[in-house]
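# Architecture at a glance
If you want the building blocks of each chain, they are given just below.
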Amino acid sequence: CVFEHLAKHLKAAYRQSPRRGQTSWFHPFELIALGGDDLFLIVPANKAIPITQGIANEWSRRIPDVVPPGRTDILPPSLSLGLLICPHTFPIYFMHQLAEGLLQRAKSQRSKKGSQEGFIDFLILKSSGTPRTDAKQIEEALYYYQEPGSYGRTNINLHLTERPYALSAFDELVQTAVGLKKGMTRTQRHALTRSLRLGRMCSTMDVML
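Residues numbered from 1 in each chain as written. Predicted model: local features only at pLDDT ≥ 70, side-chain atom pairs only at ≥ 80, totals over all residues. Heavy atoms only, no water.

Once that is clear, we can look at the nonpolar core. Counting residues in each nonpolar core, the largest one holds 17 residues, and the members touching the most others are Leu-6, Ile-51, Leu-83, Ile-120 and Phe-170. Sorting the residues of this core by element identifies helix 1 (2-9), helix 2 (45-62), strand 5 (81-85), strand 6 (119-124) and helix 5 (167-183) as the ones contributing at least two each. By residue number, the principal contributor to this core is helix 2, which donates four residues. Setting aside anything within four residues of it in sequence, one finds Ile-120 in contact with Thr-52, Leu-81, Leu-83, Ala-106, Pro-164, Tyr-165, Leu-167 and Phe-170. Within the second largest apolar cluster, eleven residues are counted, among which are Leu-84, Phe-90, Ala-135 and Ile-138. (Core = buried A, V, L, I, M, F, W, Y, C linked by side-chain atoms within 4.5 Å. Buried < 20%, exposed > 50% of the residue type's maximum accessible area, 1.4 Å probe, protein only. Helix = DSSP H or I, 4+ residues; strand = E, 2+ residues; numbered from the N terminus. Contact = heavy atoms within 4.5 Å.)

On to the environment of Leu-125, then. Along the chain, Leu-125 falls in the loop between strand 6 and helix 4 (135-143). Spatially, the C-alpha atoms of Leu-125 and Pro-87 are 7.4 Å apart, while their sequence positions differ by 38 residues.

This part covers the pairing of strand 6. Strand 6 sits mainly inside the fold: five of its six residues count as buried. With five bridges connecting them, strand 5 and strand 6 associate as parallel partners. Within the sheet, the bridge partner assigned to Ile-85 lies in strand 6 and is Ile-124. As a crossover connection, the stretch from strand 5 through helix 3 (residues 92-113) into strand 6 is left-handed. One ladder, built from two bridges, connects strand 6 with strand 9 (residues 165-166); its direction is antiparallel. When the sheet's bridge partners are listed, Phe-119 is paired in strand 9 with Ala-166. (Pairing = 2+ DSSP bridges. Right-handed = clockwise from strand over helix to strand, strands pointing away.)

Let us look at the pattern of salt bridges. Summed over all chains, the structure comprises three salt bridges. The partner of Arg-61 in a salt bridge is Glu-58, with the nearest N and O atoms 2.6 Å apart. Within this pair, Arg-61 and its partner Glu-58 are both found in helix 2, separated by three residues, close to a single helical turn. Overall, Arg-61 belongs to the exposed group, its relative accessible area being 60%. Residue Glu-58 is classed as buried on the basis of its relative accessible area, which comes to 13%. (Salt bridge = Lys/Arg side-chain N within 4 Å of Asp/Glu carboxyl O.)

Taken together, the three strands give an open sheet; going across it, the order is 5-6-9, and neighbouring strands pair in mixed fashion. The open sheet terminates on both sides in strands that have one partner only, identified here as strand 5 and strand 9.

Mapped onto the fold, His-5 is located in helix 1. Setting aside chain neighbours within four positions, we find His-5 in contact with Ile-51, Gly-54, Ile-55 and Glu-58. A distance of 3.1 Å separates a polar side-chain atom of His-5 from the backbone oxygen of Gly-54. (Polar contact = N/O pair within 3.5 Å; in protein donor to acceptor, adjacent residues only side chain to side chain.)

To continue, consider helix 1. If you check which residues of helix 1 are buried, you get Val-2, His-5 and Leu-6. Within helix 1, the buried residues cover an arc of 105 degrees as seen down the axis, which keeps them to one side. Looking at helix 1, the residues exposed on the side facing more than 90 degrees away from the buried face are Ala-7 and Lys-8. Packed against the buried residues of helix 1 are strand 3 (30-35), strand 4 (38-42) and helix 2. (Arc of directions from axis to C-beta.)

Keep in mind that low pLDDT regions are not for reading the predicted coordinates in detail. For the protein, the average pLDDT comes to 84, and 87% of its residues sit at 70 or higher. Within the protein, strand 5 carries the highest mean pLDDT (96), whereas strand 1 (residues 14-15) carries the lowest (63). (pLDDT = per-residue confidence, 0-100.)

What follows covers the packing of aromatic side chains. With the rule as written, the count across this model stands at three aromatic pairs. Measuring from ring centre to ring centre gives 6.3 Å for Phe-122 and Tyr-165, while their planes differ by 25 degrees; the resulting arrangement is stacked. A residue pair is termed long-range when its members are at least 10 positions apart, and Phe-122 in strand 6 and Tyr-165 in strand 9 qualify at 43 residues. By relative accessible area, which is 9% here, Phe-122 ends up buried. (Phe/Tyr/Trp six-rings, centres within 6.5 Å; stacked < 30°, edge-to-face > 60°.)

Below, the structure written as structure tokens:
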């Protein structure tokens, strides 16, 4: 599954700038770990989502049904993932720690939901500064928001994301994002994002308009 989708989404090789009169080639991915039930893969950011979707969906199609008939207490095998998109200047140590944290959150959500499909948790970090290594803390800083109360109501704690997602829900999310990118300008998308922190009524109206 891994190599099929690397070949599908990445060109076989890229030409580097000539050095000492020679031309060198390299494949645009790094396999840090691939064995047993572990996979740690680095790919170009603009291909990370389709490669992740491809590997997960292909694996799900190929895995045999190993659960004995009638054993509803056993969940079938599934593939859960942690996906981190970040600047290439991040040290491998931070990438690994964050990806591992995202993976554990995805596994925990699957166990909590009792789902038969895998889950995925992901982060997209644009800053080139050294990040925290705790995925939960970063997500709380980015997506937790307290809406001020009004008309005698107390403050309301909002969680502006449904992460981790079931893999099927993640596929739907990607399709929605593609539709928004085609149907809205960058300015409109940014305005929609900002409205989420102006309260549920304001953000709902913005979406409807």
